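# Examination of the molecular architecture
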Amino acid sequence: MNEHDSERMLSILSDSGYVATDNPKDAEVIIVNTCSVREKAEQKAYSSIGRYVELKKRKSESEKKRVVVFSGCVAQQEGDELLRRFRGVDIVVGPSQVHRIDELIKQAEIDGTVVAVSPDVSQKRFRNPVKDTNGVKAFVTIMEGCNNFCSYCTVPYLRGREISRNARHIIDEVYRLVASGVKEVILLGQNVNSYHDNSEGELITLYELLASLNDIKGLERIRFITSHPKDLTDKLMHAFTDFDKVCPHIHLPIQSGSNRILKLMARGYTVEEYMNKIEKIKTLRPDIAVTSDFIVGFPSENADDHKDTIFFIRRANYDNIFSFKYSDRPLARASTYGDKVQMHVISERLKELHYTQVGITRKIYGALVGTTQKVLVEGESKKQGRQQGRTAHGRIVNFLGNAPKGTIANVLIDDYSDNALYGKHIPEEE
Ligand code: 5AD
Ligand code: SF4
């Protein structure tokens, strides 16, 4: 979501005549778009904003004024305090107001400094004037905010309560993107499966939205992130069989394999309920790739809770997982919980999660060697001389070949690593 907010600001500014530069010294506007979900991200935000205000101070009087913007969730969290802490910051803007970046820059020219952190609950917050793009895939925000208040999480406080975007606007945007060459859309929302729009008198849930998008000619693939296990309905599960463009991949964060910890996290489901959902989806779509998030070292997590998590990872047979060290967030309830887990214990547990999953991923990827996969070509790979794309299951493939960007290439898989597949393009005529 944060990455997409950066893209939106870039696109809005390019409509106003700005051009992107790789060199901060050349920039008239510098935006540090920040994330507050974990402490490390917040610390990184402070160090980069510190660097840019220093750069601003060094700029000579004869040069044009440089505008420094502190945007995103850390901006929302800290508000005007940031102006005092970092002299040289001109604009502090929260995540629901980043669509006003062009106006705010003009306002700062008049007023000196601007703080825009009051939540925008109108449809305007979804403004996304993406110009013609040669990109292969695009993010499309369909809802924002969260009503769940998981005890460790800061998102509901900073992005506010759930608000869904009008379905008509979403469909129009996807048409526009497809006309400009996009083949895959990734529908975004903090809690994407509680999407609902009533604005035209008829209830549209994520299922109906997917039905409409599935009809768009030229669109090849549709994904949606992130799903909350407790809101994953039977109806939505059917989207994986009813709509051919909906990819067989679901990111379904469980966070812990211990029911005791899940309760403390206020996640609203048990391990058994979660597992039932995975099994149900797999009866509908046996090959579906499931990925997940885990938080390691939530307050009071003990050796048994950790064992439950490791056991669960083996049982769930995830394609891949993201695991994070628990970090206290000032606004979230769990920051007041006692019995914090020591950092060296967290690090050990994190490693164990990692190695457990690597073994599973390697098994899944290894079984794909010798198969031909349909890969949507995204461009050059970071691995020299190779192209890169993804399978419908979301697996990264680095391959030898010359397939045009944006096409779906048949790739014969001949190798794999812990996080990617390797292969060779097999052109149709061969
Ligand atoms: N500490 C560590 N990880 C967190 N996440 C959210 N809040 C925290 C926190 N306080 C993780 C969750 C979520 C992902 C986006 O970030 O796993 O799914
Ligand atoms: Fe945070 Fe929980 Fe909402 Fe996800 S569902 S954004 S973890 S409060």
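As the structure is a prediction and not an experimental result, all values here were calculated from the model.

With that settled, the discussion passes to the overall build of the chain. Tallying secondary structure elements over the chain gives 13 helices and 19 strands in all. The C-alpha atoms of the chain give a radius of gyration of 23 Å, which matches the 22 Å a tight globule of 430 residues would have. Principal-axis analysis of the C-alpha atoms places the extent of the chain at approximately 65 × 60 × 50 Å. For the chain, buried positions account for 52% of its 430 residues. The contacts in the chain between residues at least 6 apart in sequence include a share of 70% that link residues at least 24 apart. Carbon and sulfur atoms provide 51% of the accessible area of the chain, an area that totals close to 20000 Å². In the chain, the 61 positive side-chain charges and the 59 negative ones have mean positions that sit 3 Å from each other.

Moving on: the sheet that holds strand β11 (residues 221-225). Across the sheet, which stays open at both edges, the 3 strands sit in the order β5-β8-β11 with parallel pairing between neighbours. The open sheet terminates on both sides in strands that have one partner only, identified here as β5 (137-141) and β11. Taking each pair of neighbouring strands and ignoring which way they run, the sheet shows an average axis angle of 20 degrees. Pairing of strand β8 (residues 184-188) with β11 involves 5 bridges; the strand directions are parallel. Paired with Ile186 across the two strands is Arg223, which belongs to β11.

What follows is about the site of ligand 1. Contacts to ligand 1 come from Val37, Arg38, Tyr152, Gln255, Asp293, Ile295, Phe324, Lys325, Tyr326, Ser327 and Arg329. Computed on the free molecule, ligand 1 has an accessible area of 400 Å², of which 86% lies beneath the protein chains in the complex. Those elements giving two or more residues to the shell around ligand 1 turn out to be β13 (289-296) and β14 (320-325). Taken together, the residues of the shell around ligand 1 sort by class into 5 nonpolar, 2 polar and 4 charged.

On to the nonpolar core, then. Of all hydrophobic cores here, the largest spans 80 residues; its most connected members are Ile142, Leu187, Leu206, Leu209, Leu210 and Tyr318. Not counting the four nearest positions on each side in its chain, Leu187 is found in contact with Val140, Ile142, Val192, Leu206, Leu209, Leu210, Leu213, Ile222, Arg223, Phe224 and Ile225. With 15 residues, the next largest nonpolar core counts Ile91, Val98, Ile101 and Ala108 among its residues.

In this section: the pattern of salt bridges. Scanning the model with the defined rule gives 25 salt bridges in all. Between Lys56 and Asp90 there is a salt bridge whose closest N-O contact spans 2.6 Å. Of this pair, Lys56 sits in helix α2 (residues 39-58) while Asp90 sits in the loop between α4 (81-85) and β3 (91-93); the two residues are 34 residues apart in sequence, bridging distant segments of the chain. The residues Lys56 and Asp90 share a single accessibility class, namely buried. One salt bridge connects Arg223 with Glu184, and the closest N-O pair in it is separated by 2.8 Å. Note that Arg223 is positioned in strand β11 and Glu184 in strand β8, a separation of 39 residues in sequence. Classification of Arg223 as buried rests on a relative accessible area of 10%.

What follows deals with helix α11 (residues 271-284). An ideal rise of 1.5 Å per residue puts 20 Å on 14 residues; α11 measures up with 20 Å between its terminal C-alpha atoms. Val271, Tyr274, Met275, Ile278 and Ile281 are the residues of α11 that are buried. The buried residues of α11 occupy an angular sector of 120 degrees when the element is viewed end-on, so they sit on one face. Elements in contact with the buried residues of α11: α9 (234-242), β12 (249-251), α10 (259-265), β13 and α12 (303-316).

Our next topic: α9. All of the buried residues along α9 are Leu236, Met237, Ala239 and Phe240. Taken down its axis, α9 places every buried residue within 130 degrees of arc, on the same side. Lining the buried residues of α9 we find α8 (206-214), β11, β12 and α11.

Glancing now at the pairing of β13. Counting buried residues in β13 gives 8 out of 8 residues, a clear majority hidden from the surface. Burial of β13 is two-sided: the residues Ala289, Thr291, Asp293 and Ile295 facing one way and the residues Val290, Ser292, Phe294 and Val296 facing the other way are all buried. Relative to β13, β12 is paired through 3 bridges, and the arrangement is parallel. Within the sheet, the bridge partner assigned to His251 lies in β13 and is Thr291. Where β13 meets β14, 6 bridges bridge the pair, whose relative direction is parallel.

The rules behind each value
Residue numbering note: each chain is counted from 1, following its sequence as written. In the order they appear in the text, chains get letters beginning with A and ligands get numbers beginning with 1. Only residues with pLDDT of 70 or above have their local features reported here, since the model is predicted, and side-chain atom pairs are shown and tallied only from 80 upward, although totals for entire chains, interfaces and linings are computed over all residues. For the side-chain quantities, the full set of heavy atoms in the structure was used; hydrogens and water were omitted. Put simply, DSSP marks the helices as runs of H or I at least four residues long and the strands as runs of E at least two long, and each gets a number from the N terminus on. Our radius of gyration is a C-alpha quantity, and the globule rule it is checked against amounts to 2.2 Å times the number of residues to the power 0.38. Here the term buried applies to any residue with accessible area under 20% of the maximum for its type, exposed to any over 50%, and partly exposed to those in between, with areas from a 1.4 Å probe on protein chains only. We call two residues contacting when some pair of their heavy atoms lies within 4.5 Å. We get accessible surface area from the Shrake-Rupley algorithm with a probe of 1.4 Å; when it comes to residues, only the shown protein chains can shield them. We treat Lys and Arg as the positive residues and Asp and Glu as the negative residues; His and chain ends play no part in the count. In this description, the location of a charge corresponds to atom NZ of lysine, CZ of arginine, CG of aspartate or CD of glutamate. Two strands pair if DSSP finds at least two bridges between them. Axis definition: a line fitted to C-alpha atoms, limited for helices to the stretch in contact. Angles are taken between N-to-C directions and run from 0 to 180 degrees. When at least one non-hydrogen atom of a residue lies within 4 Å of a molecule or strand, that residue is treated as near it. As a working rule, the residues Ala, Val, Leu, Ile, Met, Phe, Trp, Tyr, Cys and Pro are called nonpolar, Asp, Glu, Lys and Arg charged, and the rest polar, with Gly in that last group. Here the nonpolar core consists of buried residues drawn from Ala, Val, Leu, Ile, Met, Phe, Trp, Tyr and Cys, with membership extended through side-chain atoms lying within 4.5 Å. Salt bridges are counted wherever a side-chain nitrogen of Lys or Arg sits within 4 Å of a carboxyl oxygen of Asp or Glu. Expected span of a helix: the number of residues minus one, times 1.5 Å. What the arc covers is the set of directions going from the helix axis to the C-beta atoms.

The values are spatial; any link to function lies outside them.
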